[in-house]
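Residues per chain, in single letters:
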Amino acid sequence: MKLGWTLYGDGSAPPPGASVAPGERLSWGRTVGLGAQHVVAMFGATFVFPVLMGLDPNLAIMMSGLATMLFLLIVRGRIPSYLGSSASFVGASAVIAAGGGGPAVLTGAVCVAGIVLALSGFAVHLLGPRVITAAFPPAVTGAVVLLIGFNLAPVVAENYWPFDQWTGLAVMVFVILATVLLKGFLGRIAILLGLVFGFALSLAADLLLGPVADPGGGAAAPRVDLSAVRDVPWVGLPELHAPQFEASAVLVVLPAVIALVAENAGHVKAVQEMTGEDLDPYMGRAIAADGIATALSSAVGGAPTTTYAENIGVMAATRVYSTAAYWVAAAVAVLVGLCPKFGALVAATPAGVLGGVTVVLYGMIGLLGAKIWVENRVDFGDPVVLVPLAAGLVAGIGGVSLEITEGFSVEGIALGTLITLGGYHALARLSRRTGGGAQAAD
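A quick note: this is a predicted structure, and the numbers were derived from the prediction, not measured.

A word on the pattern of salt bridges
Two side chains with opposite charge may pair up if their charged atoms get near one another. This structure, assessed with the given rule, holds four salt bridges. Put simply, arginine 78 and glutamate 277 hold a salt bridge, and the shortest N to O gap is 3.4 Å. Residue arginine 78 is located in the loop between helix H2 (57-74) and strand E3 (83-85), and its partner glutamate 277 is located in the loop between helix H13 (255-275) and helix H14 (283-299); the two are separated by 199 residues in the primary sequence. By relative accessible area, which is 23% here, glutamate 277 ends up partly exposed. A single salt-bridge network, built from bridges that share partners, covers Asp164, Asp206 and Arg223.

Now the structure itself:
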């Protein structure tokens, strides 16, 4: 890809109804302003998800900038997108942590998932985008996304909410109201505003009410501990670590690949609709680019990546699809990632605040699966759809475990996905042979 853009008109904003193509740009002043909008749009989720996964938010933000640059190069500048931290692995991270696995085990598993995603992208590039629908029909994709979100419910109930339930409740109410009542851009960053509100509320509670009791029976502690923020420098490299590979952890994270394939494909289709360009030939490149970026990020201890709907929303509002703005956003993200003090501040977010945010966020992730069902009119009257999805969801959300050997078992999200995917395709094939199952046979 040649790093050069054609100036749109005289560089001023496009008139109503007009748009700026990916290969065009506005004046550099306006382009920097648009890049700043993209930074703010991706910022909340990009640092929240690493915190929830126990990873360094500074490194995640820096790697998101590098991942976006890599993505733009691989798709030859045809698909304007920002790669932020992925929510699809949050559930797996909780399962791995509960089993005693640390950040190195998590990033090792995510690295493998990234490689699998990249290979999936290469397959799509060679075989065509229709292979996605054949392998992961909407019924299955929706179930996996729902499983990823709702599997996180015990994390909120056991890890975050008990630490400071009243702060969690207040933050939850704030996020719900902000999402509904705030219009435009502010409504898009309701999660980020909720974190800021919760942080301020926790500081005030520490001053007025004193330390909060430890639900585990330990000594009372302040809600906000800023000692680490004072001890780190303003400028420096984020903390890196090498991945550690364990088969059990890899099995837990692999179902997220299905969600990421569907997510990337959906985002490419959304950008295609907005720009009016045929991007199907680049869909495989986009999926592979996300996989490569995820593998590289996790190889140094960073968070997994994915294309961001938030930034697609910014493009829809501005009708400026210039990739130049994404290069600016990526460069800003790299610079922010080189400020350890910021990362320490994010890491100091109180558990009660995270409880209030995640009780909304995890539910929203799960309901995206239901949204996929609704938008694709999945027929639950068809037993080929209903039965394997019902079994897979209960097994996955309920934490059912299948012991393969004495030291190896499949459970939770991994088992639920295997039941859903394997059961659906097996029943669909049987149905075609016997003439039953209308939807599966289509």
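A look at H13
Between its terminal C-alpha atoms H13 stretches 31 Å, which fits the 30 Å expected from 21 residues at 1.5 Å a residue. Phi turns positive one or two residues past the end of H13, at glycine 276, with a value near 75 degrees.

Some remarks on the nonpolar core
Phe49, Leu52 and Tyr362 are the most contacted members of the largest nonpolar core, which has 101 residues in total. For this core, the leading source of residues is helix H1 (residues 28-53), giving ten residues. Here tyrosine 362 is in contact with Leu52, Val90, Gly149, Leu152, Val155, Val156 and Tyr160, once residues within four sequence places are set aside. Listed in part, the six residues of the second largest apolar core include Val20, Leu26, Leu34 and Val320.

Some words on the packing of helix H6 (residues 138-150) against helix H19 (residues 383-397)
Where H6 meets H19, the axes come as close as 10 Å, and the angle between the chain directions of the two elements is 20 degrees. By the criterion of interaxial angle, the relationship of H6 to H19 is roughly parallel. H6 and H19 meet at a crossing whose hand is right-handed. For the pair H6 and H19, contact is made by Ala139, Ala143, Leu146, Leu147 and Phe150 and by Val385, Leu389, Gly392, Leu393, Gly396 and Ile397, respectively.

Cut-offs applied
Sequence order as written defines residue numbering, which begins from 1 separately in each chain. In keeping with the predicted nature of the model, local features appear solely for residues at pLDDT of at least 70, side-chain atom pairs appear and are counted solely at 80 or more, and the whole-chain, interface and lining totals rest on all residues. The basis for the side-chain values is all heavy atoms of the structure; hydrogens and waters are excluded. Each salt bridge in this description consists of a side-chain nitrogen of Lys or Arg and a carboxyl oxygen of Asp or Glu lying within 4 Å of one another. Only runs of H or I of at least four residues qualify as helices and only runs of E of at least two qualify as strands under DSSP, and these elements are numbered from the N terminus. Throughout this description, buried means an accessible area under 20% of the type-specific maximum (1.4 Å probe, protein chains only), exposed means over 50%, and partly exposed covers the range between. Each residue after the first adds 1.5 Å to the expected span of a helix. Residue types Ala, Val, Leu, Ile, Met, Phe, Trp, Tyr and Cys, when buried and joined through side-chain atoms within 4.5 Å, form a set referred to as a nonpolar core. Throughout, a contact is declared for two residues whenever any of their heavy atoms are within 4.5 Å. Angles run from 0 to 180 degrees between N-to-C directions of axes, and those axes are lines fitted to C-alpha atoms, restricted for helices to the stretch in contact. Orientation is classified from the angle alone, with under 35 degrees giving roughly parallel, over 145 giving roughly antiparallel, 65 to 115 giving roughly perpendicular, and any other angle giving oblique. What makes a crossing left-handed is the near helix being turned counterclockwise from the far one by less than a right angle; a clockwise turn instead makes it right-handed.

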